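These are the residues of each chain, in order.
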Amino acid sequence: MSSRQERPSNSQQRWRIAVLAARLLAEEGISELALAKRKAARRLGLPESTPLPDDLEVEAELLSYQRLFQDQEQPERSVRLLRTAARLMVIMQPFNPYLTGAVLEGIAGRHAEIDIQLYPDSAKEVEIFLLNERFDYHHSLPRTERAEAVLTMLAEDTVANLVIYPRHEERVTFRTRAGQVRKRARLDAVIKLLATISVPSR
């Protein structure tokens, strides 16, 4: 079979994976794009060598899914998660917090987690602060080698990940696996974003 004949098949498989991965993100307890893509490929019975869609393809399908099936609940969820993130960012102000991930992007699913980047002098400084403030937390596995630690806690019934980076990394531009600049926002930007979200009346 020629490569010209193979391309439509590969493209169709990538689309099928992206559609199912989007549903897993929207409906099930999965918050990581990479994990959703791998699970989708396995559920479709595709071999491990199958090319996976990039993050942008999955995010596009996720937005489409939410518009079709969660048009009422999605804005409400976005507002609730952004408000929770903003309150947590107020508490974590000494450590230069930035909101990132699905909550900021507006594509948070039903089981989404809040991801906040922190840039303290040391990870231990954040841990001492949380202990003094009587916050319960546990260590999670960092998704990138650049992170010093990830402290996971419950914030108003939502899982929040405090991703700790060295202070000098604050000026570094983070990119997704697809090479796109990963968005992040300070507290003032999150508050402005909240003001722009319209929640449909029931």
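Preceding block: the structure.
Asks: How should the packing of aromatic side chains be read in this particular structure?
Replies: In this description, an aromatic ring pair is defined by two values, namely the gap between the centres and the angle between the planes. With the rule as written, the count across this model stands at four aromatic pairs. Ring plane angle 50° and centroid distance 4.7 Å describe the contact between Tyr65 and Phe69, whose orientation is recorded as tilted. Taken as a pair, Tyr65 and Phe69 lie in helix α3 (residues 55-69) at a separation of four residues, close to a single helical turn. With a relative accessible area of 16%, Tyr65 lands in the buried category. A ring pair is formed by Tyr119 and Tyr165, whose centres lie 5.7 Å apart and whose planes are at 20°; its orientation type is stacked. Here Tyr165 lies in the loop between β5 (158-164) and β6 (184-185) and Tyr119 lies in the loop between β2 (114-118) and α6 (123-132), a separation of 46 residues in the sequence. There is no split in this pair, since Tyr119 and Tyr165 are both buried. One aromatic cluster is present, formed by Tyr98, Tyr119 and Tyr165 through successive ring pairs. Residue placement shows Arg184 over the ring face of Tyr98; its charged tip is 4.1 Å from the ring centre. Over the ring of Tyr98 we find Arg186, and its NZ or CZ is 4.7 Å from the ring centre.

Asks: What should I look at first to understand the nonpolar core in this one?
Replies: Burial of nonpolar side chains together is a common tendency in soluble globular proteins. Among the nonpolar cores identified, the biggest contains 32 residues, and Met92, Leu99 and Leu162 are the most heavily contacted of them. Counting residues per element, the ones that place at least two in this core are α4 (73-91), α5 (102-105), β2, α6, β4 (149-155), β5 and α7 (187-196). Not counting chain neighbours up to four residues away, the residues in contact with Leu162 comprise Leu88, Met92, Ile116, Leu118, Leu130, Ala149, Val150, Leu151 and Met153. Listed in part, the 18 residues of the second largest apolar core include Ala22, Leu25, Ala26 and Leu46.

Asks: Whenever I open this one, α7 confuses me. Can you help?
Replies: Because each turn of an α-helix spans 3.6 residues, side chains separated by three or four positions in sequence point in the same direction. Among all positions of α7, only Leu187, Val190 and Leu194 are buried. For α7, the angular spread of buried residues about the axis comes to 55°, placing them on one side. Every exposed residue of α7 that faces more than 90 degrees away from the buried side is listed here: Lys192, Ala195 and Thr196.

Asks: Looking at this model, I keep getting lost on the side chain of Glu169. Mind explaining?
Replies: Position of Glu169 relative to the elements: it lies in the loop between β5 and β6. For Glu169, a relative accessible area of 14% translates into the label buried. In this structure the side chain of Glu169 is engaged in a polar contact, spanning 3.1 Å, whose partner is the side chain of Arg146.

Asks: Would you mind showing me how to read the side chain of Thr152 here?
Replies: Relative to the helices and strands, Thr152 is located in strand β4. At 2.5 Å, the side chain of Thr152 and the side chain of Ser140 are in polar contact.

Asks: What exactly am I supposed to notice about the sheet that holds β4 here?
Replies: Backbone hydrogen bonds hold the strands of a sheet together, and the pairing may be parallel or antiparallel. Taken together, six strands build an open sheet; the order of strands is β3-β4-β5-β2-β1-β6 and the sheet is mixed. One side of each edge strand has no neighbouring strand; the edge strands of this open sheet are β3 (137-140) and β6. In terms of strand pairing, β2 meets β5 through five bridges, oriented parallel. When the bridges of β5 are listed, Ile116 appears paired with Leu162. Seen against the sheet, α4 touches β1 (98-100), β2, β4, β5 and β6 and runs at an angle of roughly 25° to β2. Its contacts with the sheet place α6 against β2, β3, β4 and β5, and it is angled at close to 20° to β4.

Asks: Help me out: how do you make sense of the packing of α4 against α7 in this one?
Replies: Between two packed helices, both the angle of their axes relative to each other and the distance between the axes serve to describe the pair. In the contact formed by α4 and α7, the axes pass within 10 Å of each other and the chain directions differ by 155°. Here α4 is positioned roughly antiparallel relative to α7, judged by the angle of their axes. In the packing of α4 onto α7, the handedness of the crossing is left-handed. Of the residues in α7, those touching α4 at Val79, Leu82, Arg83, Ala86, Met89 and Val90 are Leu187, Val190, Leu193 and Leu194. In terms of residue class, the contact of α4 with α7 is built from nine nonpolar, no polar and one charged.

Rules used throughout
Residues numbered from 1 in each chain as written. Predicted model: local features only at pLDDT ≥ 70, side-chain atom pairs only at ≥ 80, totals over all residues. Heavy atoms only, no water. Phe/Tyr/Trp six-rings, centres within 6.5 Å; stacked < 30°, edge-to-face > 60°. Helix = DSSP H or I, 4+ residues; strand = E, 2+ residues; numbered from the N terminus. Buried < 20%, exposed > 50% of the residue type's maximum accessible area, 1.4 Å probe, protein only. Lys NZ or Arg CZ within 6 Å of the ring centre and 35° of its normal. Core = buried A, V, L, I, M, F, W, Y, C linked by side-chain atoms within 4.5 Å. Contact = heavy atoms within 4.5 Å. Arc of directions from axis to C-beta. Polar contact = N/O pair within 3.5 Å; in protein donor to acceptor, adjacent residues only side chain to side chain. Pairing = 2+ DSSP bridges. Axes fitted to C-alpha atoms, helices over the stretch in contact; angles between N-to-C directions. Parallel < 35°, antiparallel > 145°, perpendicular 65-115°, else oblique. Left-handed = near helix turned anticlockwise from the far one by under 90°. Nonpolar A, V, L, I, M, F, W, Y, C, P; charged D, E, K, R; others polar.

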